[in-house]
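Residue strings, one per chain:
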Amino acid sequence: MNHKNYIEMAIKIAINNIDKGGGPFGAVIVKDGKIISTSGNSVTNDMDPTAHAEVNAIRKACKKLKTFDLSGCEIYASCEPCPMCLGAIYWARLDALYFAADKHDAASVDFSDAFIYEELEKPIIKRNLKTTHLNVDSKYLPFKKWLETKDKKPY
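Every residue gets a number counted from 1 within its own chain, in the order that chain's sequence is written. In view of the model being predicted, local features appear only for residues whose pLDDT reaches at least 70, and side-chain atom pairs are presented and counted only at 80 or more, with totals across whole chains, interfaces and linings using the full set of residues. As a rule here, side-chain values cover all heavy atoms of the structure and leave hydrogens and water aside.

**Things to note about the layout of surface pockets**
Part 1 of the argument: The method works on a 1 Å grid over the protein atoms by themselves. A cavity is a set of points holding a 1.4 Å probe that cannot get out, a pocket is an open set with protein on both sides within 12 Å along at least five of seven lines, and residues with an atom within 4 Å of a point line them. Grid points are joined across faces, edges and corners, and a volume is the space filled by probe spheres set on the points. Space inside the largest pocket adds up to approximately 270 Å³.
Part 2 of the argument: Lining the largest pocket are 17 residues, with Phe 25, His 52, Cys 82, Phe 111 and Asp 113 positioned closest to its centre.
Part 3 of the argument: Labels follow the DSSP assignment, with helices taken as runs of H or I lasting at least four residues and strands as runs of E lasting at least two, numbered in each case from the N terminus. Elements supplying a minimum of two residues to the lining of the largest pocket: helix 2 (43-46) and helix 5 (103-107).
Part 4 of the argument: As a working rule, the residues Ala, Val, Leu, Ile, Met, Phe, Trp, Tyr, Cys and Pro are called nonpolar, Asp, Glu, Lys and Arg charged, and the rest polar, with Gly in that last group. When the residues that make up the lining of the largest pocket are grouped by side-chain class, the tally is eight nonpolar, five polar and four charged.

Encoded structure:
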């Protein structure tokens, strides 16, 4: 299989996902030419706003490969990932991202992420979400314990 086959598979998952009550998004994760995981968006079915196709596929791939590091894998998404999914792709250390529709295509059918990108550019005090930095003395304690822990698993 090649890039076109995998992206077509992600698109087919997105289309079929609508009939399952999910959103019009699909993702496929591949490693060494083998499909590791596939998923559609299950936000409304799972009542989970983080259950986007890419995040779901990452979760499945990590479980299947028994790792939180998906280096060596590639992800194919039916649409350009939102900021959350893009962050998850970076955190999972996927080697490459391929997508079909872009964020403008998604926005044209009321799936716009522009407000998140705009919010990220604003100073905290000007964001729509009330955000307050509570500068307490204990804020460093978790990091101190992390540094002192000998048998931790860095990630």
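What follows continues from the structure just given.
**Comments concerning the pairing of strand 1 (residues 26-31)**
Part 1 of the argument: Working definition: with a 1.4 Å probe on protein chains only, accessible area under 20% of the residue-type maximum means buried, over 50% means exposed, and in between means partly exposed. In terms of burial, strand 1 is largely enclosed, as five of its six residues are buried.
Part 2 of the argument: The criterion for strand pairing is that DSSP finds at least two bridges linking the strands in question. Pairing of strand 1 with strand 2 (residues 34-40) involves six bridges; the strand directions are antiparallel. Each bridged residue has a counterpart across the sheet, and for Ala 27 the counterpart in strand 2 is Ser 39.
Part 3 of the argument: The pairing of strand 1 with strand 3 (residues 73-79) spans five bridges and is classified as antiparallel. The partner of Ala 27 across the bridge, within strand 3, is Ala 77.

**A closer look at the packing of aromatic side chains**
Part 1 of the argument: Aromatic rings from Phe, Tyr and Trp, taking only the six-membered ring of Trp, are treated as a pair when their centres fall within 6.5 Å; an angle between ring planes under 30 degrees marks them as stacked, one over 60 as edge-to-face, and anything in between as tilted. Under the defined criterion, the tally for this structure stands at five aromatic pairs.
Part 2 of the argument: Ring centres of Phe 25 and Phe 111 lie 5.0 Å apart, and the angle between their planes is 90°; this geometry places the pair in the edge-to-face category. Taken together, the positions of Phe 25 in the loop between helix 1 (3-19) and strand 1 and Phe 111 in the loop between helix 5 and helix 6 (114-121) put the pair 86 residues apart, joining distant regions of the chain.
Part 3 of the argument: The class of Phe 111 is partly exposed, set by a relative accessible area of 37%.
Part 4 of the argument: An angle of 10° between the planes, with centres 4.7 Å apart, marks the rings of Tyr 76 and Tyr 98 as stacked. Within this pair, whereas Tyr 76 is found in strand 3, its partner Tyr 98 is found in strand 4 (residues 96-101), the two being separated by 22 residues in sequence.
Part 5 of the argument: Of the residues examined, Tyr 98 reaches a relative accessible area of 27% and is grouped as partly exposed.
Part 6 of the argument: Among the aromatic residues, ring-to-ring pairing joins Tyr 6, Tyr 76 and Tyr 98 into one connected group.

Geometric descriptors of this kind do not, in isolation, establish any biological role.
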